[in-house]
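If you want the building blocks of each chain, they are given just below.
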Amino acid sequence: MPETVELKVDGMTCDHCVRAVTEAISGVEGVTEASVDLDAGSATLTGEGVDMTAVVAAIVEEGYEAAPQAAS
C-alpha cells in the first residue's frame, strides 16, 4: 500500500530549486508522486517501499538540506 511522507527541505529560493528537488525525489526507486512547496519549504512524496535515506541523499546531492517531518 502506498504511503505518503512529508519532508522539510531547506535552502530552496526559487522555482528552479523546486524543479531540482522534485526531479531528485522522483528519481528515487518506489516514488510514484512528488510535490514541492517553496513557500512552506517542504516536499511530499507518495510511493511504496521508498528508501527515505535515498530520498534525503538525492535532495542533498542537489545542494539542499532535507529531513522527514514528524507525523502529526
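Summarised in this report is the structure supplied together with it. These figures come from a predicted structure and were not determined experimentally.

1. A few points about the environment of Gly-11
Part 1 of the reasoning: Following the sequence through the fold, Gly-11 ends up in the loop between strand S1 (3-10) and helix H1 (15-26).
Part 2 of the reasoning: C-alpha separation for the pair Gly-11 and Gly-63, spaced 52 residues apart in sequence, amounts to 7.8 Å.
Part 3 of the reasoning: Apart from the residues lying within four places of it in its own chain, the contact partners of Gly-11 are Cys-17 and Tyr-64.

2. Here's the deal with the pairing of strand S3 (residues 42-47)
Part 1 of the reasoning: Taking burial as the measure, the 6 residues of S3 include 5 buried ones, the bulk of the element.
Part 2 of the reasoning: In this structure, S1 lies alongside S3, joined through 6 bridges in antiparallel fashion. Counted as the bridge partner of Val-5 is Leu-45 from S3.
Part 3 of the reasoning: Relative to S3, strand S2 (residues 31-37) runs antiparallel, the two being bridged by 6 bridges. Paired with Val-36 across the two strands is Ala-43, which belongs to S3.
Part 4 of the reasoning: Between S2 and S3, which pair antiparallel one after the other, the connecting turn spans 4 residues, and Gly-41 there sits at a positive phi close to 65°.

3. A few points about the environment of Ala-57
Part 1 of the reasoning: With respect to the secondary-structure elements, Ala-57 resides in helix H2 (residues 52-61).
Part 2 of the reasoning: Among the residues examined, Ala-57 registers a relative accessible area of 42% and is labelled partly exposed.

Reading guide: rules and limits
- Residues numbered from 1 in each chain as written.
- Predicted model: local features only at pLDDT ≥ 70, side-chain atom pairs only at ≥ 80, totals over all residues.
- Heavy atoms only, no water.
- Helix = DSSP H or I, 4+ residues; strand = E, 2+ residues; numbered from the N terminus.
- Contact = heavy atoms within 4.5 Å.
- Buried < 20%, exposed > 50% of the residue type's maximum accessible area, 1.4 Å probe, protein only.
- Pairing = 2+ DSSP bridges.

So, to be careful, I would describe these as geometric facts and stop short of saying anything about function.
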